[in-house]
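Here is how the chains run, residue by residue.
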Amino acid sequence: MGCSGRPKGAILLGLLLLTLAEIVVGRFVVEKNSLRVISPDSIKGTHDSAIGNFGIPQYGGSMAGTVVYPRDNRKGCKNFDDSGISFKAKAGALPNFVLVDRGDCFFALKVWNAQNAGAAAVLVADDLDEPLITMDSPEEDGASARYIANITIPSALIDKSFGEKLKKAISGGDMVNVNLDWREAVPHPDDRVEYELWTNSNDECGVKCDMLMEFLKDFKGAAQVLEKGGYTQFTPHYITWYCPQAFTVSKQCKSQCLNHGRYCAPDPEQDFSTGYEGKDVVLENLRQLCVFRVANETKKPWVWWDYVTDFQIRCPMKKKKYNKECAEQVINSLGLDLKKIEKCMGDPEADSDNPVLKEEQDAQIGKGSRGDVTILPTLVVNNRQYRGKLEKGAVLKAICAGFEETTEPSVCLGGDVETNECLENNGGCWQDKAANITACKDTFRGRVCECPVVNGVQFKGDGYRSCVASGPGRCRINNGGCWHESRNGVAFSACVDNEEGKCTCPPGFKGDGANSCEDIDECKEKKACQCPECSCKNTWGSYECTCGGDLLYIRDHDTCISKTTEVKSAWTAVWIILIGLALAAGGAYLVYKHRLRSYMDSEIRAIMAQYMPLDSQNEVPNHVDEDRA
């Protein structure tokens, strides 16, 4: 738990811890990473190393460096500055990995001293021929807490025989280059990560509890983004243990346990006569488990993060608010179903198993590649226990390493998990300094050289030596990487805005289009202005052609014609048009007159026919007179 103990009740606490050891059957898995020796050839190969449970391992990435074995203070228990030793790498050189011997002081102190002297990583050589163990941080008092929280470099324990080989090679004058690789430290089978946090609601157990509470607040945002997006499946857990049968009726067991000694937690103050009791912690742990279960039923499991952080702020032990009333206020403020949570919690006084807490005790036993959970807090990612500092950036990097490559969500590409390799020499990637464009991208797995997309324009290439803008709009980005030049306010470019992405010199120029386009001297190369009367003068990107006297140059026909002839021809054309228009108008007038006259004649004839017979008409017989006769 990381809590500092007091003499009172220590015997019972020891029995409880022994009981916990019985529960978990002592199966502790050492999480390892790969250490590969690149040179010299005599010790070249791959070796296992145990990840230290402090500092920040580079989960999902790797780190290359040169191993250095100090001439003095070889166990690293003293400040290296006192010996005038510095491990800061020179400009352009690989970072230094400091090799120190095990013994005489805490693992964390060795790493802290090496970090202060400029080390990029620390290798601790075991002094016993034994299987690798996990280098854990000590129970934190005021002195150790100051440096443990500030360790930021990775560390690893190596076995004794491998350590001796490294020392021998260094003493023989060889440069020992190694590569620490964490890429397989976390399995990454698919596009979803399953992780669990073994935590505790106790906020009065010292520095580790303070660190845990701070982590919950800092990581809440990232955790909820991952959960809401369906990228992760998170499950909280809480450690409990049972009280030995012989002590279940004792005052100590009754104050620390629920359900008649079945589920226990240490007294927060380690003083059974005052303050909160262990059973108060178990009860709140149970409530937080049920909050998660009820929230999960409503398809909103991320509400658990809101509850635990709000409870921490609103209901701390220091303010005597760590109680049921305060917890229920938080539950109601989050809109959770209080009755369902109470039903889930069951009866803490019953002399029977509590299904929720019993399931938690069973889950403490390691399964498959995951070891038993014996340390609080413990983070498990894809069934592998996380080793290192419980800090937002480091944990997020470990979770992101659990995604299958190329399936990582955008939160994994944020500033919290970047390796910042692009800051030095642009990571060895392509770069256009003039346009401030680079192919280097920092990710949690390390830098990648990948041609970028800028303002909707895709660059194509290998990302290392070249990236060329491609497709529509490419000429807007640094002229598409093609030649361009301006003179006298006139701009010329070899960029052609199409899918092919080729650079083609414009008319009047010749060259490769990418690096250069030279002006073509049309006059000298006799490509224009070749008529006898023509006079040629080359200009940048074009030419000028003039004709002597009253001659005018016609570019399309590459010839000269007389300006006078042109004027006469123009007037002739005008007169022809005018005469043609006049003739057309006269003809139209005559046609009009003829048609008008014909029309008038026909009308007059029709009128006269009604009043008198015309010569052309026969006399009409008078039938009336014949009848009278």
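Treat the numbers as computed from the prediction; the structure is a model and nothing was measured.

1. Re the environment of His 484
Take His 484: it is sitting in strand S21 (residues 484-487). In this structure, the C-alpha to C-alpha distance between His 484 and Ser 516, residues 32 residues apart in sequence, is 8.2 Å. Apart from residues no more than four positions distant in its own chain, His 484 is found in contact with Asn 479, Phe 492 and Ser 493. One polar contact links the side chain of His 484 to the main-chain carbonyl oxygen of Cys 482, over a distance of 3.5 Å.

2. A few points about the packing of aromatic side chains
Inspection of the entire model under this criterion finds 15 aromatic pairs. A ring pair is formed by Trp 112 and Tyr 147, whose centres lie 6.3 Å apart and whose planes are at 25 degrees; its orientation type is stacked. Taken together, the positions of Trp 112 in helix H2 (residues 107-116) and Tyr 147 in helix H3 (residues 142-148) put the pair 35 residues apart, joining distant regions of the chain. Ring plane angle 70 degrees and centroid distance 5.4 Å describe the contact between Tyr 276 and Tyr 322, whose orientation is recorded as edge-to-face.

3. Remarks on the UniProt feature "domain: EGF-like" (unreviewed entry) in the protein
Taking the numbering used here, the UniProt-annotated feature "domain: EGF-like" (unreviewed entry) corresponds to residues 503-517. The annotated region residues 503-517 carries 0% helix and 13% strand content, and the separation between its end C-alpha atoms amounts to 10 Å.

4. Some remarks on the state of the cysteines
Going through the model one piece at a time under the given rule, you end up with 10 disulfides. Two residues, Cys 77 and Cys 105, share a disulfide whose sulfurs are 2.1 Å apart. Looking down the S-S bond of the Cys 77 and Cys 105 bridge, the torsion is -85 degrees, so its handedness is left-handed. One end of the pair, Cys 77, is in the loop between strand S3 (62-68) and strand S4 (96-101); the other, Cys 105, is in the loop between S4 and H2, and 28 residues separate them in sequence. Take Cys 105: its relative accessible area is 21%, and that puts it in the partly exposed class.

5. Things to note about a nonpolar patch on the surface
On the surface, a cluster of nonpolar side chains totalling about 890 Å² of accessible area is made up of Trp 571, Val 574, Trp 575, Ile 577, Leu 578, Ile 579, Leu 581 and Leu 583. Mapping Val 574 onto the fold places it in helix H13 (residues 563-611). The partly exposed category is assigned to Val 574, whose relative accessible area is 37%.

6. Describing the layout of surface pockets
Volume-wise, the second largest pocket comes out at about 390 Å³. If you trace the second largest pocket, you find 20 residues lining it, with Glu 196, Thr 235, Pro 236, His 237 and Ala 363 closest to the centre. Of all the secondary-structure elements, those providing two or more residues to the lining of the second largest pocket are strand S8 (193-199), strand S9 (232-238), helix H7 (278-297) and helix H11 (355-363). Looking at side-chain class alone, the lining of the second largest pocket contains seven nonpolar, five polar and eight charged residues.

7. Here's the deal with the pairing of S9
Burial of S9 is extensive: five of the seven residues sit out of reach of the surface. Pairing analysis gives seven bridges linking S8 to S9, with the strands arranged parallel. What sits directly across from Tyr 195, in S9, is Phe 234. In this fold, the crossover linking S8 to S9 by way of helix H5 (residues 207-228) has right-handed handedness.

8. Things to note about unusual backbone geometry
Looking along the chain, the bond that leaves Ser 39 and enters Pro 40 is cis, with omega of 5 degrees. Tracing the backbone through its elements, the reader meets Pro 40 in the loop between strand S1 (32-39) and strand S2 (45-51). For His 260, which is not a glycine, the phi torsion comes out positive at approximately 55 degrees. Assignment of secondary structure puts His 260 in the loop between strand S10 (257-258) and strand S11 (263-264). The class of His 260 is partly exposed, set by a relative accessible area of 47%. Of note, Asn 383 is a non-glycine position whose phi angle comes to about 70 degrees, a positive value. Within the secondary structure layout, Asn 383 lies in the loop between strand S12 (378-381) and strand S13 (384-385).

9. Examining the pairing of S4
Counting buried residues in S4 gives six out of six residues, a clear majority hidden from the surface. Of the two faces of S4, the one lined by Asn 96, Val 98 and Val 100 and the one lined by Phe 97, Leu 99 and Asp 101 are each fully buried. Note: S3 against S4, three bridges, orientation parallel. Residue pairing for S4: Thr 66 is matched across the bridge by Asn 96. Bridge analysis of S4 against strand S5 (residues 121-125) gives five bridges, and the strand direction is parallel. Residue pairing for S5: Val 100 is matched across the bridge by Val 124. Traced from S4 through H2 to S5, the parallel crossover comes out right-handed.

10. Some details on H7
For H7, with 20 residues, the first-to-last C-alpha span of 29 Å sits near the 28 Å given by 1.5 Å per residue. The buried fraction of H7 amounts to 14 of the 20 residues, a majority that puts the element mostly inside the structure. After H7 finishes, the residue Lys 299 shows a positive phi value of roughly 65 degrees.

11. Quick look at the pattern of salt bridges
Evaluated as defined, the whole model comprises 15 salt bridges. We note a salt bridge from Lys 217 to Glu 214, for which the minimum N-O separation is 3.9 Å. In this pair, Lys 217 and Glu 214 are both assigned in helix H5, three residues apart and thus about one turn of the helix distant. Through salt bridges with shared partners, a single network forms among Asp 101, Glu 164 and Lys 167.

12. With respect to the sheet that holds strand S19 (residues 457-460)
The pairing of strands in a sheet comes from backbone hydrogen bonds and takes either a parallel or an antiparallel form. Reading across the sheet, the three strands line up as S18-S19-S20 and stay open at both edges, with antiparallel pairing between neighbours. Either end of the sheet is taken by a strand with one partner, and the two such strands are strand S18 (453-454) and strand S20 (468-470). Looking at chain direction, S19 and S20 are connected through three bridges and run antiparallel. Across the sheet, the residue bridging to Phe 459 is Ala 469, located in S20.

13. Comments concerning the nonpolar core
The biggest cluster of nonpolar side chains holds 59 residues, and the ones touching the most others in it are Tyr 195, Phe 219 and Ile 399. In terms of residues, this core owes the most to one element, H7, which gives nine residues. Leaving out residues up to four positions away in the same chain, Ile 399 has contacts with Val 193, Tyr 195, Phe 219, Leu 226, Thr 232 and Val 381.

14. Some thoughts on empty space enclosed by the protein
Tallied over the entire structure, the rule returns four cavities of 30 Å³ or more. Put simply, the largest cavity is a space of about 230 Å³. What lines the largest cavity is a set of 19 residues, among which Asn 53, Met 211, Pro 377, Gly 388 and Leu 390 lie closest to the centre. Of all elements in the fold, only H5 and S12 reach the threshold of two or more residues within the lining of the largest cavity. Of the residues that constitute the lining of the largest cavity, the class distribution is nine nonpolar, five polar and five charged. Contributing to the lining of the second largest cavity are 13 residues, with Asn 200, Ser 201, Met 213, Gln 288 and Val 308 lying nearest its centre. Mapped onto the lining of the second largest cavity, the elements with two or more residues apiece are H5 and helix H8 (303-314). Its residues assigned to classes, the lining of the second largest cavity shows seven nonpolar, five polar and one charged.

Analysis parameters
- Residues numbered from 1 in each chain as written.
- Predicted model: local features only at pLDDT ≥ 70, side-chain atom pairs only at ≥ 80, totals over all residues.
- Heavy atoms only, no water.
- Helix = DSSP H or I, 4+ residues; strand = E, 2+ residues; numbered from the N terminus.
- Contact = heavy atoms within 4.5 Å.
- Polar contact = N/O pair within 3.5 Å; in protein donor to acceptor, adjacent residues only side chain to side chain.
- Phe/Tyr/Trp six-rings, centres within 6.5 Å; stacked < 30°, edge-to-face > 60°.
- UniProt positions renumbered as here; feature names shortened; annotations may be inferred.
- Disulfide = S-S within 2.5 Å.
- Buried < 20%, exposed > 50% of the residue type's maximum accessible area, 1.4 Å probe, protein only.
- Patch = residues over 30% accessible without salt bridge, like charges linked within 9 Å, V, L, I, M, F, W, Y side chains within 5 Å.
- Areas by Shrake-Rupley, 256 points an atom, 1.4 Å probe, with all protein chains shown as cover.
- Salt bridge = Lys/Arg side-chain N within 4 Å of Asp/Glu carboxyl O.
- 1 Å grid on protein atoms, 1.4 Å probe; cavity = no way out; pocket = protein on both sides within 12 Å on 5 of 7 lines; lining within 4 Å.
- Points joined across faces, edges and corners; volume = space filled by probe spheres on them.
- Nonpolar A, V, L, I, M, F, W, Y, C, P; charged D, E, K, R; others polar.
- Pairing = 2+ DSSP bridges.
- Right-handed = clockwise from strand over helix to strand, strands pointing away.
- Expected span 1.5 Å × (residues − 1).
- Core = buried A, V, L, I, M, F, W, Y, C linked by side-chain atoms within 4.5 Å.

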